[in-house]
Amino acid sequence: MAQRGTNELVDFRRELYACFTRWGDALFELADAALCASGPISSVPALSLEGEFTRSHGSLYKALAKGRIDEDRLRRLLVANAPKGWPFVFAVDASTWDRCDAECSPERGFYYSASKHSAGQPIVAGWSFQWINQLSFTPDSWTQPMDARRISPKEDATDVTVDQVRRLVALLPTDREVPLFVFDAGYDPIAVTDGLGDTRAQVLCRIRDDRVFYADPPAPPKRPKGTGGRPPRHGRRMKCSEKRSWAKPSERLVTSDPRYGTVTVTAWHGLHPKLAGRGRWASEDAPPIVKGSVIRVEVEHLPKPTARTKKTLWLFWSGPGVPDLNLCWRAYLRRFDIEHAFRFAKNTLGWTSPSLCTPAQAERWTWLVVAMLTQLRLGRDHVDDIRLPWERPREPHQLTPTRVRRGFRRLRAVIGTPASPPKFTKAGPGRPKGTRRPPRTRYPAVKKTA
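Because the structure is a prediction, the values reported are computed rather than measured.

1. Looking at the layout of surface pockets
1) Next: Volume-wise, the largest pocket comes out at about 1300 Å³.
2) Next: Forming the boundary of the largest pocket are 39 residues, of which A94, S95, T96, Y111 and Y112 lie nearest the centre.
3) Next: For the lining of the largest pocket, the secondary-structure elements that each account for two or more residues are β3 (89–98), β4 (109–112), β5 (123–135), α5 (157–171) and α8 (337–347).
4) Next: Ranked by the residues each element gives to the lining of the largest pocket, the list is headed by α8, at six residues.
5) Next: A per-class count over the lining of the largest pocket returns 13 nonpolar, 14 polar and 12 charged.
6) Next: The computed volume of the second largest pocket comes to approximately 850 Å³.
7) Next: Lining the second largest pocket are 26 residues, and of these R259, Y260, P303, L333 and F336 sit closest to its centre.
8) Next: Among the secondary structure elements, those contributing two or more residues to the lining of the second largest pocket are β13 (292–299) and α7 (325–334).

2. A closer look at the packing of helix α2 (residues 24–36) against helix α3 (residues 58–66)
1) Next: Remark: α2 packs on α3, axes separated minimally by 9 Å, with the N-to-C direction vectors making an angle of 115°. It follows from the interaxial angle that α2 and α3 lie roughly perpendicular. In terms of crossing hand, the pair formed by α2 and α3 is left-handed. On α3, the residues touching A26, L27 and L30 of α2 are S59, L60, A63 and L64.
2) Next: Residues that form the contact of α2 with α3 fall into these classes: six nonpolar, one polar and no charged.

3. Some thoughts on the packing of aromatic side chains
1) Next: For the structure on display, the rule yields 18 aromatic pairs.
2) Next: Their ring planes at 75° and their centres at 5.9 Å tell us that F129 and W351 sit as a pair that is edge-to-face. Note that F129 is positioned in strand β5 and W351 in the loop between α8 and α9 (359–378), a separation of 222 residues in sequence. One exposure class covers both F129 and W351, and it is buried.
3) Next: Relative to W351, the ring of W131 lies with its centre 5.1 Å away and its plane at 65°, an arrangement referred to as edge-to-face. In this pair, W131 is assigned in strand β5 and W351 in the loop between α8 and α9, connecting sequence segments 220 residues apart. Taken individually, W131 and W351 each receive the classification buried, so the pair is uniform in this respect.
4) Next: In this structure an aromatic cluster arises from ring pairing among W97, W127, F129, W131, F342 and W351.
5) Next: Sitting over the ring of F336, R335 keeps its end group 4.7 Å from the ring centre.

4. Some points on the nonpolar core
1) Next: Counting residues in hydrophobic clusters, the biggest one holds 79 residues, and the most contacted among them are W131, I295 and W365.
2) Next: Counting 20 residues, the second-largest nonpolar core is a separate cluster that includes I132, V169, L172 and Y187.

Calculation criteria
- Residues numbered from 1 in each chain as written.
- Predicted model: local features only at pLDDT ≥ 70, side-chain atom pairs only at ≥ 80, totals over all residues.
- Heavy atoms only, no water.
- 1 Å grid on protein atoms, 1.4 Å probe; cavity = no way out; pocket = protein on both sides within 12 Å on 5 of 7 lines; lining within 4 Å.
- Points joined across faces, edges and corners; volume = space filled by probe spheres on them.
- Helix = DSSP H or I, 4+ residues; strand = E, 2+ residues; numbered from the N terminus.
- Nonpolar A, V, L, I, M, F, W, Y, C, P; charged D, E, K, R; others polar.
- Axes fitted to C-alpha atoms, helices over the stretch in contact; angles between N-to-C directions.
- Parallel < 35°, antiparallel > 145°, perpendicular 65-115°, else oblique.
- Left-handed = near helix turned anticlockwise from the far one by under 90°.
- Contact = heavy atoms within 4.5 Å.
- Phe/Tyr/Trp six-rings, centres within 6.5 Å; stacked < 30°, edge-to-face > 60°.
- Buried < 20%, exposed > 50% of the residue type's maximum accessible area, 1.4 Å probe, protein only.
- Lys NZ or Arg CZ within 6 Å of the ring centre and 35° of its normal.
- Core = buried A, V, L, I, M, F, W, Y, C linked by side-chain atoms within 4.5 Å.

Here it is, written out as structure tokens:
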């Protein structure tokens, strides 16, 4: 294992330790224990048995309950250590931390879950966390988390998304290309576009194939003086599923891809939907005109030979300038890498394993998981390839996050830790005899109305 070139990782760990303002030693060792564990994390108290955690098992949950993390400083640290050479493309998606039976945990909401059901429905009670990860166009599952935020059931998801994107854009350098944020079909592209109208950011979101858009109205004829009537706001109608309603494309791209064959990308610029004066626009005199580009992506074949249904992809783009069609369709396909990051964080790093009570504790553990993923990426070129007997050897740039984690314990022994050793003291007096704790408060899950 090469000892050179680890300065970036050492500096990151030193600055990360400075972001922990309370119980920093226990928090830092907790993250190291999770990184150096031999297998997937299913029990957080069991991390106290790892050699990297030199404190008592009670310090694990005490650090999450009483610790403090300077989140703004940590966000700046993540941006400062962003991967060099990666495009300015970011995936935005939310994942649920299910806490179905945790009646004493506040601020739980009902969210969709594809893997777990409640009362026969794909809905679970828990906390929702929204991540923003920078994407790489290399054929692997590596992403770089840049921000993570919990969405309270009492908050509007669109407003939280707009604020989160704005905060990240304010930290990004302005001497590079305009950042592109990619969303799945669960987001409202029109509301996000309207909220980010004054932000240096591009929005790319998948839309349904039955959406209807309109072009700008033609110039009205000159009316006689004294005649009333409002000029038209919408022009020619275009429905994505009706080919006869399509106008002449503004731009067209035909390229080839080894996985999809011939890829045809068609774009219509300057289109907008017809908004109604209700919901988000109820307080305004007239709904806004939110313009963007409608993009249609058609491929020759799907990667899996057994796939019979070949769906056409429809995207809505908005932002300064004009869309790069080649970047747009590739960026949306790379968006699914964030799903691999969620799976690795949950199944291997144990993101949703701790039985935490309050949302604040869950937020601290989430930031630790974000820091773990960043350290794995920074140590990617400096670990030994500890492979299983049936695995093929790989070069350092081909290692997966799981294989990098196997060698992180040896790397940590070389680079050391900024955490201070524990100060052993005698045990406290404990709870006085004859006292009892009152019953804990129950919090029902918040159910949003339509």
